[in-house]
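# What the coordinates show
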Protein chains: 2
Amino acid sequence: MSRQLKIKISVPFSFNVIFARNVFSSRDFLKNFFISPGSIEKKKVIFFIEDTVAESFPDILEKIESFDSKTKGIELVHPVFVLPGGEQNKNIKEAVKICSILSKNKICRQSIVAVVGGGAFLDTVCFAASISHRGVCQVRFPTTVVSQCDSGLGVKNAVNLFGKKNFAGVFFPPSAVINDFAFLKTLAPRDINSGLAEAIKIAVIKDSSFFSYLEKNTENIRGDNSPILEKIIVRCAKLHADHISDSGDPFEFGNAKPLDFGHWLAHKLESMSKGKMRHGEAVAVGIATDSFYAMKKGLLSKGEFERIINILKSYSLPIWTPFLGKKSKGRLSILDGIAEFREHLGGKLSITLPSGIGSKIEINKIDCKIIEDAFIYFKTISSK
Amino acid sequence: MSRQLKIKISVPFSFNVIFARNVFSSRDFLKNFFISPGSIEKKKVIFFIEDTVAESFPDILEKIESFDSKTKGIELVHPVFVLPGGEQNKNIKEAVKICSILSKNKICRQSIVAVVGGGAFLDTVCFAASISHRGVCQVRFPTTVVSQCDSGLGVKNAVNLFGKKNFAGVFFPPSAVINDFAFLKTLAPRDINSGLAEAIKIAVIKDSSFFSYLEKNTENIRGDNSPILEKIIVRCAKLHADHISDSGDPFEFGNAKPLDFGHWLAHKLESMSKGKMRHGEAVAVGIATDSFYAMKKGLLSKGEFERIINILKSYSLPIWTPFLGKKSKGRLSILDGIAEFREHLGGKLSITLPSGIGSKIEINKIDCKIIEDAFIYFKTISSK
């Protein structure tokens, strides 16, 4: 009789990231996301929209609700739910509230939860959907630059808990991601730039020609040139999608987290600022700090380092903030971000640094003295 | 420029189910579960034990806590947590409390959450671990027949929410499952029999020779013959493990749920009884009812049906209960279990029925009249 059984499984997931414009104006286009070809059953669909998006696009509710009665194969089970988004609502209480809406509306695992909003809102609704009935299908409509570039197309979701960013979450790939460029029209310049921090991040560590493209187009973006912005989003999304598909570790069982360049500092800074800094702004400070570190370690030339700092500045992104100076028991609070980052990812510390523009290495320890030198350097040049 | 990106990933999982005895008496044996060969890092381990298990095995805490200081490579981060188990504590509040313990003890994704207890307790702690940092490694020590046979070695976990069984949960395979037979010694006969309902379930639909083995050994089990009980657990666990490995759908994206034979009724009955019926007892009533249905549909001969009823009775398992008669608005409440089962699994209804002993088919609708006839039939023979 066997005294040991081995269970070995491999679970396949696949989904499309679609780039489009004004999808809610076309009933047929929407149908494509919700109805499998040849399906004879009616799909239950439930829509959640972030309140700020509903305010900026006042006809969107009517557009969504109008396709219900006319489109076969889709049953909108309830008028669209308009809920608050942002980091301050990305918590377990809000997630359980959404679970309760799914329960009351008898949403099943093969129904569709459609979510329209920014990264924090997508995270909250998708986390709720991912734990309801052990995972309900999700179609995401990211509405911000950062979520269209990066967070909206990932395979994970989470809410903040116990003051720790993303403490409660799961890996659960969406069924589809629809990047509708029409949503970008009403974004404030600050939000556009904040989103571009993720594009700069991935260009620095993965794609030098994309980095050059970002350098060349600073003026165009500042002038709100949509075709350029859209090109950047598509390219950035492709780099992220390729990473997920090709890394060999999409559910991040190992230590290496290359897409988290600049993020040990960013996550802590975002918490410390209590929502005053955008995620992308915190990422920009993280990129600047870790690039300084890479330069000091001989991984970046001074010229490469300056190109990185200049591109952040040209997109009006911060490279330093007074929050970095906050101390607790004589120690810079931001430095706790290193241990928290390790703890969240698990195993030994793994920090991604650029080694030249367009490539990267992993390091497993950090010399805090150099980090503090970086803060002094950036504080000095920021005050000039 | 591409207008569509395809993300396609395949995520591998593997784990061992180990059969053993008195593992907590051997320090080296335990070490094997927690330390990867060649690992130079200390693994953080945190232990959760169900209170009833700690009461029945008063030296277990000391045994676990003693290996901390003496075993290199393991760091027990806190004395063992003793918490209440059972269906009544399988809820989101208890899960968040466990998340908070993991957070306070700086447990990371590559730490180990070790859980000792019955199915409901394993479910609650493992759900908490599965959503903390998007999934912390888990080592399960199931302590009951039902959890050693079935629930403890599965790839899913969940807690009850909004009065719905397992509403909040995820698919997250454990790192290892250790079925320690020493835990079975203190179980009451009622709990042993309840666990055997899952063995009968899987024998009926998958393995006629196992069914015959169960028939032959009713006396031995009733006499608490441990070697026979252990053989049954190993065989039942293997059938479940093979199903997970070979079904091609371990995360249950499709409709078919063959292991849920008898469970549409069992889940509802368990909720309706408010903990008065064990899971296995509710499953026994589900097996009896659905076997009656299969006989009426010509899938089972009268002789096969009677063998199933007799085996349930010979293990002192119920085939009927007054809870089945409870009505709401003139309709039997238990029948709502059909819709709830479909809703939980998603898509169209799929009910597994035996087609002869040792094989099964799926049906997609149920004639409630036959179910009601089954209740009348079993009520009559139960009162004789």
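Keep in mind the model is a prediction, meaning the values are calculated, not measured.

Attention now goes to the overall build of chain A. Along chain A, the regular secondary structure elements total 15 helices and 13 strands. Relative to its length of 384 residues, chain A is compact, with a C-alpha radius of gyration of 21 Å against a globular reference of 21 Å. For chain A, the spread of C-alpha atoms along the three principal axes comes to 70 × 60 × 40 Å. Of the contacts made within chain A by residues no fewer than 6 positions apart, 76% connect residues no fewer than 24 positions apart. Carbon and sulfur atoms provide 52% of the accessible area of chain A, an area that totals close to 14,700 Å². Averaged over its 53 positive side-chain charges, chain A has a centre that lies 5 Å from the centre of its 39 negative ones.

Residue and element names in this part refer to chain B. The side-chain alternation of strand β12 (residues 351-354) yields two buried faces, one formed by I351 and L353 and the other by T352 and P354. Inspection of the sheet shows β12 paired to strand β13 (residues 360-363) by four bridges, in the antiparallel sense. Directly across from I351, in β13, lies its bridge partner I363. Between β12 and β13, which pair antiparallel in sequence order, lie five residues; one of them, G356, sits at a positive phi of approximately 85 degrees.

Our next topic: the packing of aromatic side chains. Taken as a whole, this structure holds 34 aromatic pairs over all chains when the rule is applied. For the ring pair B:F305 and B:F378, a centre distance of 6.1 Å and an interplane angle of 40 degrees mean the geometry is tilted. One end of the pair, B:F305, is in helix α13 (residues 302-314); the other, B:F378, is in helix α15 (residues 368-383), and 73 residues separate them in sequence. In this pair, the class of B:F305 matches that of B:F378, namely buried. Through successive ring pairs, a cluster of aromatic residues spans A:F24, A:F47, A:F57, A:F141 and A:F183.

If you look at the interface, chain A gives 74 residues, while chain B gives 74 residues. Both faces combined, the contact of chain A with chain B buries some 6,900 Å², and carbon together with sulfur accounts for 59% of it. Taken as a group, A:L5, A:I7 and A:R134 account for 14% of the area that chain A buries against chain B, more than any other trio of residues on that side. Inspection of the chain A/chain B interface yields zero salt bridges. Linking chain A with chain B are 26 residue pairs in polar contact (both at pLDDT 80 or more), by the criterion used here.

Our next topic: the pattern of salt bridges. One pass over the full model with this rule turns up 40 salt bridges over all chains. Note that A:E215 is salt-bridged to A:R307, the shortest N-O span being 2.8 Å. Taken together, the residues span a long stretch of sequence, with A:E215 in helix α8 (residues 208-216) and A:R307 in helix α13 (residues 302-314) at a distance of 92 residues. The shortest N-O distance in the salt bridge between B:K90 and B:E87 comes to 3.9 Å. Overall, the relative accessible area of 3% leaves B:K90 in the buried class. Three or more residues joined by partner-sharing salt bridges are found here, namely A:E87, A:K90, A:D123, A:K165 and A:E270.

Moving on, we get to the relation of the copies chain A and chain B. For the match of chain A to chain B, the screw axis carries a shift of 0.0 Å, the RMSD comes to 0.0 Å, and the turn is 180 degrees. Here the two chains are linked by the operation of a two-fold rotation axis. The rotation axis passes nearest to the C-alpha of A:V11 in chain A, at a distance of 2.5 Å. A shared binding surface is used by both copies, with 100% of the interface residues of chain A retained as interface residues in chain B.

Close reading of the predicted structure is inappropriate where its pLDDT is low. All names here are of chain A. Model confidence for chain A is summarised by a mean pLDDT of 91, while 96% of its residues fall at 70 or above. When pLDDT is averaged over each element of chain A, strand β4 (residues 81-83) comes out on top at 98 and helix α1 (residues 27-34) at the bottom at 75. Scoring the predicted complex yields pTM 0.93 and, for the interface, ipTM 0.92.

Quick look at empty space enclosed by the protein now. Taken as a whole, this structure holds six cavities of 30 Å³ or more when the rule is applied. Contributing to the lining of the largest cavity are 18 residues, with A:V170, A:F171, A:F251, B:F171 and B:F251 lying nearest its centre. Looking at the lining of the largest cavity residue by residue, the class counts come to 12 nonpolar, two polar and four charged. Along the walls of the second largest cavity sit B:G119, B:L122, B:D123, B:C126, B:R140, B:S151, B:G152, B:K156 and B:N157, which together make up its complete lining. Going through the elements one at a time, α5 (119-131) and β7 (156-161) of chain B are the ones with two or more residues in the lining of the second largest cavity.

Residue and element names in this part refer to chain B. Within strand β8 (residues 164-171), eight of the eight residues are buried, which leaves the element mostly enclosed by the surrounding structure. Bridge count between β7 and β8: five bridges; the pairing is antiparallel. Considered in β8, the bridge of V159 is made with A168. The hairpin formed by β7 and β8 contains two residues between the paired strands, and F162 there has a positive phi angle of roughly 55 degrees.

All right, on to the environment of B:E65 then. Residue and element names in this part refer to chain B. Along the chain, E65 turns up in helix α3 (residues 60-70). Between the alpha carbons of E65 and P79 there is a distance of 6.5 Å; along the sequence they are 14 residues apart. Not counting residues up to four positions away in its chain, the partners in contact with E65 are L76, P79 and V80.

What follows covers helix α12 (residues 279-296) of chain A. Residues and elements named next belong to chain A. Under the 1.5 Å per step criterion, the end-to-end length of α12 is 26 Å for 18 residues, consistent within 8% with the ideal 26 Å. Most of α12 sits inside the fold, with 16 of its 18 residues counted as buried. Trailing α12 by a residue or two, G298 shows a phi angle of about 80 degrees, which is positive.

It is worth spelling out helix α14 (residues 336-345) of chain A at this point. Along α14(A), the residues classified as buried are A:G337, A:I338, A:F341, A:E343, A:H344 and A:L345. If you follow the buried residues of α14(A), they end up packed against β8 (164-171), α11 (263-272), β12 (351-354) and α15 (368-383) of chain A together with α4 (92-104) of chain B. A positive backbone phi angle near 95 degrees is found at A:G346, which sits one or two residues after α14(A).

Definitions and cut-offs
- Residues numbered from 1 in each chain as written.
- Chains lettered and ligands numbered in written order.
- Predicted model: local features only at pLDDT ≥ 70, side-chain atom pairs only at ≥ 80, totals over all residues.
- Heavy atoms only, no water.
- Helix = DSSP H or I, 4+ residues; strand = E, 2+ residues; numbered from the N terminus.
- Rg over C-alpha atoms; globule rule 2.2 N^0.38 Å.
- Contact = heavy atoms within 4.5 Å.
- Areas by Shrake-Rupley, 256 points an atom, 1.4 Å probe, with all protein chains shown as cover.
- Lys, Arg positive; Asp, Glu negative; His and termini not counted.
- Charge placed at Lys NZ, Arg CZ, Asp CG, Glu CD.
- Buried < 20%, exposed > 50% of the residue type's maximum accessible area, 1.4 Å probe, protein only.
- Pairing = 2+ DSSP bridges.
- Phe/Tyr/Trp six-rings, centres within 6.5 Å; stacked < 30°, edge-to-face > 60°.
- Buried area = accessible area lost by both parts, 1.4 Å probe.
- Salt bridge = Lys/Arg side-chain N within 4 Å of Asp/Glu carboxyl O.
- Polar contact = N/O pair within 3.5 Å; in protein donor to acceptor, adjacent residues only side chain to side chain.
- Least-squares fit on C-alpha atoms with pLDDT ≥ 70 in both.
- pLDDT = per-residue confidence, 0-100.
- 1 Å grid on protein atoms, 1.4 Å probe; cavity = no way out; pocket = protein on both sides within 12 Å on 5 of 7 lines; lining within 4 Å.
- Points joined across faces, edges and corners; volume = space filled by probe spheres on them.
- Nonpolar A, V, L, I, M, F, W, Y, C, P; charged D, E, K, R; others polar.
- Expected span 1.5 Å × (residues − 1).

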